[in-house]
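Reading the structure
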Amino acid sequence: MGSRVSDRIAAIAESATLAVDAKAKALKAAGRPVIGFGAGEPDFATPDYIVEAALAAARDPKNHRYTPVGGLPELKSAIAAKTLRDTSYEVDAAQVLVTNGGKQAVYNTFAALLDPGDEVLVIAPYWTTYPEAIKLAGGVPVYVVTDETTGYLATVDQLEAARTERTKVLLFVSPSNPTGAVYPAGEVDAIGAWAASHDLWTVTDEINEHLVYGGAVNHSIALSAGEKVVVLNGVAKTYAMTGWRVGWMIGPTDVIKAASNLQSHATSNVNNVAQVAALAAVSGDLSAVAEMRSAFDRRRQLAVSMLRDIPGIICPEPLGAFYVYPSVKGLLGKSLRGKVATTSAELAAIILDEVEVAVVPGEAFGTPGYARLSYALGDADLAEGISRIAKLVADS
């Protein structure tokens, strides 16, 4: 007797980042002093003015009813205004679809754009959800692999080498999850112009747009990639609103209409209270993210410094998001308290078992031999967690 689950769904891999986070939280709940570097989630509370807007919305009976599938009109207008303010990309409210978190925007987009066999260029390391959403839509992810020697940046030449007659979409992410890489403006424009010259769709995930450090500047590829662009974004990272589940996609009106039709059968409208909270967020200033960015920058520098002091680890400096993505290849094949890892997945298991620190192995992001550590946790936990890893290596 075959599986009771469809082949299509059975082929989906569990979100590795959420799985690591769940395991860390379960161990912590059981009384173990686990430090989790797994989930990409700010440790800050959602700003008070956003919470107050939600409380008021919950008391208003109009929010107790169905609202338009595509989003509250005032929120769509505010998202269009915010997009112009932050990226100089001008769009109309009719080009916006409000979604249940950024993940639904990803799913909607690939479902709306792809036919079976269409290829999507995915720069690796990549966020775990992208390939699954592409495959669910019948598409084929084609990986363009980068490494620490280039700061995890892909070149036009690499992208062109991967392009075929079946290529329909370029997926572009800057600042990157999991690497924290940020493309310089000139390189962004060159890649956008290349995509446009080959009549490709460009899907750009800009969820980490405000989390850049040092001299890095976020520059949207939507400005150079022509008309066939879909922008993915949301309030999760900028306003510490991961649990509120409000994202959006921006694109040509025919694509947005198609994605809205899909959403009308999947979820209907996004939670109204959360939409009102998101309206307060995107309509307000960026002081909340400025405060977080300062803390993240401090933690970023500490994480890089401490990891670079561990023999066998090579850690490029991330310029965006809140992740470090070191190479751990130098630790593979070495005895760590009598245990030997031959893969980064095995190494992550040893680190969790021996020193109770949870990291996400590079296998989850398409590049074995690496690990992702989120530094969106408290300063004390950050230092303690990396110190434990350092001690594990030193003791061996």
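The text that follows walks through the structure, step by step, so that each part is easy to find. (Residues numbered from 1 in each chain as written. Predicted model: local features only at pLDDT ≥ 70, side-chain atom pairs only at ≥ 80, totals over all residues. Heavy atoms only, no water.)

Some words on the sheet that holds strand β2 (residues 96–99)
Using the following cut-off: Two strands are said to pair when DSSP picks up at least two bridges between them. Counting from the N terminus, the helices are the DSSP runs of H or I reaching at least four residues and the strands are the DSSP runs of E reaching at least two. Angles shown run from 0 to 180 degrees and are taken between the N-to-C directions of axes, each axis being a line fitted to C-alpha atoms and, for helices, limited to the stretch in contact. Two residues form a contact once any of their heavy atoms are found within 4.5 Å.
Strand order in this open sheet of seven strands is β2-β8-β7-β6-β5-β3-β4, and the pairing throughout is mixed. Among the strands making up the open sheet, the edge pair consists of β2 and β4 (140–145). For this sheet, the mean inter-axis angle between neighbouring strands, taken without regard to orientation, is 20°. Pairing of strand β6 (residues 201–205) with strand β7 (residues 229–234) involves four bridges; the strand directions are parallel. Each bridged residue has a counterpart across the sheet, and for T204 the counterpart in β7 is V231. Of the strands in this sheet, β3 (119–124), β5 (167–173) and β6 touch helix α8 (residues 185–197), which is tilted by about 165° from β5.

A few points about the environment of R337
Tracing the sequence through the fold places R337 in the loop between β10 (335–336) and β11 (339–340). Non-local contacts of R337, meaning those with residues more than four positions away in its chain, are made with E354, V355, K391, L392, D395 and S396.

Topic: empty space enclosed by the protein
Formally: In this analysis a 1.4 Å probe is tested at points of a 1 Å grid over the protein atoms alone, and where it fits but cannot get out there is a cavity; an open set with protein on both sides within 12 Å along at least five of seven lines is a pocket; lining residues have an atom within 4 Å of a point. Grid points are joined across faces, edges and corners, and a volume is the space filled by probe spheres set on the points. Gly counts as polar in this scheme, as do all residues outside two lists: the nonpolar Ala, Val, Leu, Ile, Met, Phe, Trp, Tyr, Cys and Pro, and the charged Asp, Glu, Lys and Arg.
If you walk through the whole model with that rule in mind, you get three cavities of 30 Å³ or more. Roughly 130 Å³ of internal volume is contained in the largest cavity. The wall of the largest cavity is formed by 14 residues, among which I123, P125, Y126, V173 and S176 lie closest to the centre. A total of three residues in the lining of the largest cavity trace back to one element, the largest contributor, which is β3. Classifying every residue of the lining of the largest cavity by side-chain character gives ten nonpolar, four polar and no charged. Lining the second largest cavity, in full, are L307, I313, P326, V328, L331, L347, I351, V359, A371, L373 and I389.

Observations regarding the environment of G36
To be explicit about the condition: Residue burial is assigned from relative accessible area. The probe radius is 1.4 Å, only protein chains are included, and a residue is buried under 20% of its type maximum, exposed over 50%, and partly exposed in between.
Structurally, G36 can be placed in strand β1 (residues 35–36). You can call G36 partly exposed: its relative accessible area is 31%. Sequence separation between G36 and V20 is 16 residues; the distance between their C-alpha atoms is 8.0 Å. When sequence neighbours within four positions are dropped, the list of residues in contact with G36 reads A24, A358 and L377.

Observations concerning the layout of surface pockets
Within this model, the largest pocket holds a volume of roughly 550 Å³. If you trace the largest pocket, you find 31 residues lining it, with G40, K103, W127, K237 and R245 closest to the centre. Every element with two or more residues in the lining of the largest pocket is listed here: α2 (16–29), α5 (101–113) and β7. In terms of residue count, α5 provides more of the lining of the largest pocket than any other element does, four residues in total. Among the residues making up the lining of the largest pocket, the classes are represented as twelve nonpolar, twelve polar and seven charged.

Side note on unusual backbone geometry
Trans peptide bonds make up most of the peptide bonds, and negative phi angles are found at most residues other than glycine. Here the bond from A124 into P125 is cis, since omega is 5°, no more than 30 degrees from zero. Inspection of the secondary structure puts P125 in the loop between β3 and α6 (129–136). With a phi angle near 55°, R337 is a residue other than glycine that sits in the positive phi range. Owing to a relative accessible area of 35%, R337 belongs among the partly exposed residues under this scheme.

Brief notes about the side chain of N269
Stated formally: Within 3.5 Å is the distance limit for a polar contact, defined as a pair of N or O atoms, with the added protein rule that one can donate a hydrogen and the other accept it, and that residues adjacent in sequence qualify only through two side-chain atoms.
As for its placement among the helices and strands, N269 is situated in the loop between α9 (253–266) and α10 (272–283). Assessed through its relative accessible area of 13%, N269 is described here as buried. At 3.3 Å, the side chain of N269 forms a polar contact with the side chain of N272.

Topic: helix α4 (residues 73–87)
The condition that has to hold: Residue count minus one, scaled by 1.5 Å, sets the expected span of a helix.
In this model, α4 (15 residues) spans 21 Å end to end at C-alpha, consistent with the 21 Å of a helix rising 1.5 Å per residue. Along its buried surface, α4 packs onto β2, β7, β8 (247–250) and α10. Directly after α4, the chain includes S88, whose backbone phi takes a positive value near 65°.

Here's the deal with the packing of aromatic side chains
Going by this rule: The criterion for an aromatic pair is that two Phe, Tyr or Trp rings (for Trp, the six-membered ring) have centres within 6.5 Å, with stacked assigned to planes under 30 degrees apart, edge-to-face to planes over 60 apart and tilted to the rest.
Counted according to the given criterion, the structure contains ten aromatic pairs. Taking 6.1 Å as the distance between ring centres and 70° as the angle between the ring planes, the aromatic pair formed by Y152 and Y370 counts as edge-to-face. With Y152 in the loop between β4 and α7 (156–162) and Y370 in the loop between β13 (360–361) and β14 (371–374), this residue pair connects regions lying 218 residues apart in the sequence. For the pair formed by Y152 and Y370, the shared burial category is buried. Here the aromatic rings of F172 and Y183 are separated by 4.8 Å at their centres, their planes lie at 50°, and the arrangement is tilted. Of the two residues, F172 sits in strand β5 while Y183 sits in the loop between β5 and α8, which places them eleven residues apart along the sequence. Classification of F172 as buried rests on a relative accessible area of 2%.

Focus on a nonpolar patch on the surface
Let me state the cut-off plainly: Each patch is built from salt-bridge-free residues with over 30% relative accessible area, joining like charges within 9 Å and nonpolar side chains (Val, Leu, Ile, Met, Phe, Trp, Tyr) within 5 Å. Computed by Shrake-Rupley with a 1.4 Å probe, the accessible areas treat only the displayed protein chains as cover when residues are assessed. Salt bridge, as applied in this entry: a Lys or Arg side-chain nitrogen positioned within 4 Å of an Asp or Glu carboxyl oxygen.
Side chains of V5, I9 and I12 sit close together on the surface and give an oily, nonpolar patch of about 220 Å² of accessible area. Residue position: I12 is located in the loop between α1 (7–10) and α2. By relative accessible area, I12 is classed as partly exposed at 33%.

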